Amino acid sequence: MSTTEPLDEGQFDPDAVLAEYDEWAPEDETPIGSDMPPGDFDSLDKERQQRYNALSEEEKEPYRDLAEYFLNMLDAKAMYGRQLPRGMLAAATEKTGWSRRSVQRKKKGFPDYLNRNLDGRETDEQRIEKSAPFFIDVPPGREKGQNSLPEDLKKVIVYAVLFRKRFTFTGHNKYRDEEVEFSFLEVYKFAKAVFVNKQADDQEAARDALDDSNGTDLAGEEAQPDADERAHTPGEAETPGEHNGDVSTGRAHMPIKMERFPSYDTVRRFIHFLMEKMPALFVWGTVGRREVEAKLLLKRANDVPAPNVRWQSDVIDLQLYVLHNEQVRPVSLLIIYDDHSRYIVWWTLFFREAVRDPNTGRLKKSYVDSRTVSTSFATAMYVSRCRCWIFYTDHGSYYERSEKGFYVLTDDNEPEVAVSNTKHGRPEGRGKTENILGKTEQGLASLFPSSYKKRSEINTAQRKAVEKNVTYEEVRDELKEHFDGVNNRPFRKNGTRTRFEVWSSVASLEAPPIRKLAQLPDIEFVDTTVNIRNNWIVSFKGGEWEPRETDAATYRRWADFVAQKATVRIVAVRLDIGWVAEVCLDAERDEWLEIVPKASLPTEVTEHNQAQQGALKTMEEEIAALGQQGEAVIQQQGGMPILRIASKEYEEKSPDAESLVRQTKKRHQNTSSSTRSKGGKKGQGKKKGKGPSTSEPAPPQQPQSDAANTVEEEEEEEVSLAALWAAKKAKPKQAGEE
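Residues numbered from 1 in each chain as written. Predicted model: local features only at pLDDT ≥ 70, side-chain atom pairs only at ≥ 80, totals over all residues. Heavy atoms only, no water.

### Here's the deal with the overall build of the protein chain
Here comes step 1: In terms of regular secondary structure, the protein chain is built from 25 helices and 17 strands.
Here comes step 2: Buried positions account for 40% of the 738 residues belonging to the protein chain.
Here comes step 3: The contacts of the protein chain with a sequence gap of at least 6 include a subset with a gap of at least 24, amounting to 72%.
Here comes step 4: Summing over all exposed atoms, the protein chain offers an accessible surface of approximately 43,500 Å²; the carbon and sulfur share of this is 48%. (Helix = DSSP H or I, 4+ residues; strand = E, 2+ residues; numbered from the N terminus. Buried < 20%, exposed > 50% of the residue type's maximum accessible area, 1.4 Å probe, protein only. Contact = heavy atoms within 4.5 Å. Areas by Shrake-Rupley, 256 points an atom, 1.4 Å probe, with all protein chains shown as cover.)

If you want it as structure tokens, here you go:
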């Protein structure tokens, strides 16, 4: 489809996709129209020998060394029972610098080369000299830069891949449109049938031969133009016609001439390019829309919260013991607190490891590691979907170590997270966090008997934690209820807006991606690869993961991603809420998408359905654009190829194959209706004497007299059946019957 209108930003451009093939096509593979036919080993050996003879003695020496080494490999293989000794293949890889696969290819083709060029009477030096040319690489095919396909051929191949409906000619002389199963060979035949019109070429050759035999261009006579020349006479309308009664078209245009149609491998390579560049559309065309909708599009989605402003953070060692896994553990509380709205962005209750002094028997100060700080800070940014401009803390060693890695959270063109610390020995600089932490600790002390105020009460607190069964989960639930209540109240007595409303009303910087959170110091993360094998989901950490966002663009991009069924990179970070992950959609463009466990997605499917339909509509528009391009080229080349079912070959073309199918269907309907009418008359003649028919009702527009006759016939049939049944029961059994 050609158009002069500029495309909108983000609009699908089929020409741009097809233009990428020239850069994608490998240069080391055989391009179209290879000058050396496959299997022509004589020409290949001759070319190798010529290249080898052109070398100097010094340049020939490396090839002689390779020949001697591979001859020794063959001798060793024969000596050890047709198998190479262990480690010899690896040694050959190391010696030659080739890949293991390249060494195996050379080893496989070397004996055949020896059989073609050696007679077995050579000396060792002669064997080496005659086998050395085998290792001369002869680049097959055309020169660099000539392995591109014509644009029209690309469009036809795309059409053949995406549109599987073919116009067929059956053995019963009927034209039909049928869905044909995808195969590389079928696409190759279709494209070749479009550009290589064998029937038209044969007819043209026959006309030329007839003209030569009749001598129409004799001297003194005016030469008459043939059919093609008449079709191209200036001033005359170009109309389609028929040739010898066959379904074809007059040439109202000049088809593209190809000196040599590309090989099957070239077409197959371009189809692999389509599989890589348009994976979801490829699945749509080769398998169907149902496959895309059922296995490639997402089935659930999730929403994201809005971000806000800067934070303070502090840690307090709670004077409280809890019971966890039948062990008494001390706990600490870390909060991240918004300095503007007093909103508690995130908090975490974690265990601390208190070490007892062996000399005094007292517990030393608990240790808070930097992993806890990094994990909590990453969780706060992830949950709030924002990051702060300034992170305000004290001079704790765990904070200082974690803050050294904050520079990895931003790009070069973004402001870094500034770190601000209070003065040493001046805790009043963090009065807001100190105030809320102090009140929280007082509230816990009044609720749980396992708390203490003095060191002398530690043993008592530990004993009460066991006796009263003060569990970690119970304390955590109490803190959650407390902080939820704090965030949903105004921080001033006469305030009208809650802390959450104030916090969510201010825009902020976006949160760093998960792959950047994974670079924080001492945080637990996983950077690995997984295989896409299970339809629209990603299997990771023993569960099913899907994208977090819900929109048509994400669904469309995800369909392309999962259609590749490739090995992809995943970066996951373990936060306080569990594992979160990000999957790399395109490594070259550094395109990533956040995924979450499927179980965490909401059950509401309204937005999901809208996004799914939007993605399907987008793919329909893309396929329609590609189809219009391919169909235009097909019509330009003389029409749609017709596949004969018996021979599986495309032997003719038609400019209006749809009309042929409609005519065939109409003839079939007329024949069927005629057959049904004859069969109905025969059935009425045989109906009498066989009882009433309950499966076929009477015709809806039957006259009144005919209806009465039908009732009488049914009554007669009932009587005759009853009489037959009575006669059968009264008939005596013959000898031998049971």
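Back to the text.
### Here's the deal with the pairing of strand 14 (residues 578–586)
Here comes step 1: Taking burial as the measure, the nine residues of strand 14 include seven buried ones, the bulk of the element.
Here comes step 2: Of the pairings in the sheet, the one linking strand 13 (residues 567–575) to strand 14 comprises six bridges and is antiparallel in character. If you follow Val571 over to strand 14, its bridge partner there is Glu582.
Here comes step 3: Following strand 13, the chain reverses through two residues before pairing antiparallel with strand 14.
Here comes step 4: Both strand 14 and strand 15 (residues 591–597) contribute to a ladder of five bridges, which runs antiparallel. Across the sheet, Glu582 pairs through a bridge with Glu594, a residue of strand 15.
Here comes step 5: Between strand 14 and strand 15, which pair antiparallel in sequence order, lie four residues; one of them, Asp590, sits at a positive phi of approximately 55 degrees. (Pairing = 2+ DSSP bridges.)

### A closer look at the packing of aromatic side chains
Here comes step 1: Using the criterion set out here, one finds 29 aromatic pairs in the structure.
Here comes step 2: Each ring, one from Phe110 and one from Phe134, has its centre 5.3 Å from the other, and the planes form 55 degrees; the classification is tilted. Remark: Phe134 occurs in the loop between helix 7 (124–131) and helix 8 (151–162) and Phe110 occurs in helix 6 (residues 100–117); sequence separation between them is 24 residues.
Here comes step 3: Taking the relative accessible area as the measure of exposure, Phe110 reaches 0% and is therefore buried.
Here comes step 4: Note on Phe134: relative accessible area 5%, which makes it buried.
Here comes step 5: Pairwise contacts between aromatic rings join Tyr69, Phe70, Trp98, Phe110, Tyr113, Phe134 and Phe135 into one cluster.
Here comes step 6: Sitting over the ring of Phe134, Lys106 keeps its end group 5.2 Å from the ring centre.
Here comes step 7: Geometry around Trp579 places Lys541 over its ring, the cationic atom sitting 4.2 Å from the centre. (Phe/Tyr/Trp six-rings, centres within 6.5 Å; stacked < 30°, edge-to-face > 60°. Lys NZ or Arg CZ within 6 Å of the ring centre and 35° of its normal.)

### Remarks on the environment of Gln564
Here comes step 1: Position of Gln564 among the secondary structure elements: in the loop between helix 22 (552–563) and strand 13.
Here comes step 2: Ignoring any residue separated from it by four or fewer positions in sequence, one finds Gln564 in contact with Glu276 and Pro279.

### Observations regarding unusual backbone geometry
Here comes step 1: One non-glycine residue, Arg385, adopts positive backbone phi at about 65 degrees.
Here comes step 2: Take Arg385: it is sitting in the loop between helix 15 (370–384) and strand 6 (386–387).
Here comes step 3: Look at Asn469: it is not a glycine, yet its phi comes out positive at around 55 degrees.
Here comes step 4: With respect to the helices, strands and loops of the structure, Asn469 is situated in the loop between helix 18 (458–467) and helix 19 (472–487).
Here comes step 5: For Asn469, a relative accessible area of 42% translates into the label partly exposed.

### Structural notes on the packing of helix 5 (residues 88–96) against helix 6
Geometrically, a packed helix pair is captured by the angle between its two axes and the distance between the axes.
Here comes step 1: At a minimum axis distance of 9 Å, the contact between helix 5 and helix 6 shows a crossing angle of 105 degrees. Relative to helix 6, helix 5 is oriented roughly perpendicular. Along the contact surface, helix 5 presents Leu89, Ala92, Thr93 and Thr96, while helix 6 presents Arg100, Val103 and Gln104.
Here comes step 2: Among the residues forming the contact of helix 5 with helix 6, the class breakdown is three nonpolar, three polar and one charged. (Axes fitted to C-alpha atoms, helices over the stretch in contact; angles between N-to-C directions. Parallel < 35°, antiparallel > 145°, perpendicular 65-115°, else oblique. Nonpolar A, V, L, I, M, F, W, Y, C, P; charged D, E, K, R; others polar.)

### Notes on the sheet that holds strand 17 (residues 649–654)
Here comes step 1: Spatial strand order, 2-1-16-17: four strands in an open sheet with mixed pairing. Because the sheet does not close on itself, it has two edges, and the strands there are strand 2 (175–179) and strand 17. Sheet twist, expressed as the average angle between the axes of neighbouring strands with direction ignored, equals 45 degrees.
Here comes step 2: With three bridges connecting them, strand 1 (residues 165–169) and strand 16 (residues 640–644) associate as parallel partners. Its bridge partner lying in strand 16, Phe169 is registered against Arg644.

### With respect to helix 19
Here comes step 1: Helix length check: helix 19, at 16 residues, gives a terminal C-alpha distance of 23 Å against a target of 22 Å (1.5 Å per residue), a fit within 8%.
Here comes step 2: Regarding helix 19, the residues found buried are Tyr472, Val475, Leu479, Phe483, Val486 and Asn487. Around the axis of helix 19, the buried residues are gathered within 100 degrees of arc, so they sit on the same side.
Here comes step 3: Elements in contact with the buried residues of helix 19: strand 3 (311–324), strand 4 (327–338), strand 5 (344–351), helix 17 (431–447) and helix 20 (499–504). (Expected span 1.5 Å × (residues − 1). Arc of directions from axis to C-beta.)

### Structural notes on the nonpolar core
Here comes step 1: Ranked by size, the top nonpolar core spans 73 residues in total, and within it Ile157 and Trp558 carry the most contacts.
Here comes step 2: Once residues within four sequence positions are removed from consideration, Ile157 is found in contact with Val187, Ala191, Val267, Phe270, Ile271 and Leu274.
Here comes step 3: Listed in part, the 38 residues of the second largest apolar core include Tyr343, Ala518, Leu520 and Val573. (Core = buried A, V, L, I, M, F, W, Y, C linked by side-chain atoms within 4.5 Å.)

### Focus: the sheet that holds strand 14
Here comes step 1: What the six strands build is an open sheet, ordered 10-13-14-15-12-11; its pairing is antiparallel. Whereas interior strands pair on both sides, the edge strands pair on one side only; in this sheet they are strand 10 (525–531) and strand 11 (538–540). Ignoring strand direction, the axes of neighbouring strands in this sheet form an average angle of 35 degrees.
Here comes step 2: The sheet strands contacting helix 15 are strand 13, strand 14 and strand 15, and the helix crosses strand 13 at an angle near 110 degrees.
Here comes step 3: Of the strands in this sheet, strand 11, strand 12 (543–547), strand 13, strand 14 and strand 15 are in contact with helix 22, which crosses strand 14 at around 75 degrees.

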